[in-house]
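Here's the letter readout for the chains.
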Amino acid sequence: MLQEQNPVIEARHVDKYFGSLHVLKDINLSVKKGEVVVIIGPSGSGKSTFCRTINRLETIDSGEIIIDGVAMPKEGRKLAEIRSQVGMVFQSFNLFAHKNILDNVTIGPIDVLRKSRKEAQEEAMALLKRVGVDSQASKVPAQLSGGQQQRVAIARALAMHPKAILFDEPTSALDPEMIGEVLDVITGLAKEGMTMVIVTHEMNFARQVADRIIFMDDGSIIEENVPEEFFAHPKTQRAQEFLNSIKQH
């Protein structure tokens, strides 16, 4: 009998407050190995906050986050160890401005995974080539376009050999013509079986890449379904209103 695999990411009864504001309300979510879960919903619905709680960039007030069967502790070395297994790509790239592109990608593998500089650099160059920016390796982030910087950020996440990657609105800071080049890289990762949780406003992309759509509103998961069903036949009035409001833009 095959053993049931642990979900790579699991959120159980997660609640979070900012002061008196209840921003995440009893969130439960399980993400299997190789699954791409896309979280959508109106601004202020708690999508990005939830994404950031998964690797404890935001603390939670109750509930637990479990990565590959291990509950995330609140702090300490074990937290850092588990967090290093979950990549994160932010809307604002978060690259080290004073380091060149190659160093941005190798710093984690050298400092955290204890790889030799030579090994880390060889792998980094292969990853930069994979995302199409290997020719920029000696430049600093400010010399690159936003789309190139975001592709570097994806390469940096991949360099840590993560069990999953979280994307928090990875295209929202980009000019329209750069959005496609970043989404193409993410779509490629999906085809290769990378486990991903993606918060995005790009509905066509969500429809193409997601195994499952999670619709959030007012801090709660209102609905979840496969893309075809969610977009064609939303079950809740709130999801219907949201989709109608998008179609009008």
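Look up a bit, the structure's there.
Residues numbered from 1 in each chain as written. Predicted model: local features only at pLDDT ≥ 70, side-chain atom pairs only at ≥ 80, totals over all residues. Heavy atoms only, no water.

Engineer: Hey, could you go over the packing of aromatic side chains for me, with residue numbers and the actual values?
Structural biologist: In the structure shown here, the tally under the stated rule is three aromatic pairs. Note on F215 and F242: the rings are 5.2 Å apart at their centroids and 45° apart in plane angle, and the pair reads as tilted. With F215 in strand β9 (residues 212-217) and F242 in helix α9 (residues 237-247), this residue pair connects regions lying 27 residues apart in the sequence. As far as burial versus exposure is concerned, F215 and F242 are alike and both buried. Consider the rings of F230 and F231, whose centres lie 5.3 Å apart with planes at 85°: the pair is edge-to-face. Residue F230 shares its accessibility class with F231, and that shared class is buried. The rings of F215, F230, F231 and F242 are connected pair by pair, giving a single aromatic cluster. (Phe/Tyr/Trp six-rings, centres within 6.5 Å; stacked < 30°, edge-to-face > 60°. Helix = DSSP H or I, 4+ residues; strand = E, 2+ residues; numbered from the N terminus. Buried < 20%, exposed > 50% of the residue type's maximum accessible area, 1.4 Å probe, protein only.)

Engineer: Describe in detail the side chain of N225, supporting the description with residues and values.
Structural biologist: Take N225: it is sitting in strand β10 (residues 220-225). Beyond its immediate sequence surroundings of up to four residues, N225 is in contact with R212, I213, F230 and K235. (Contact = heavy atoms within 4.5 Å.)

Engineer: Describe the sheet that holds strand β1 (residues 9-18), and please don't skip the residues or the numbers.
Structural biologist: Paired through their backbone hydrogen bonds, the strands of a sheet run either parallel or antiparallel. Pairing in this open sheet of four strands is antiparallel, and the strands run β2-β1-β4-β5 from one edge to the other. Each edge of the open sheet is held by one strand with a lone partner, namely β2 (21-31) and β5 (70-71). Note: strand β4 (residues 62-67) against β5, two bridges, orientation antiparallel. Bridging from a neighbouring strand, I66 pairs with A71 of β5. Sitting on the sheet, helix α1 (residues 47-54) is in contact with β1, β2 and β4, with an inclination near 60° to β2. (Pairing = 2+ DSSP bridges. Axes fitted to C-alpha atoms, helices over the stretch in contact; angles between N-to-C directions.)

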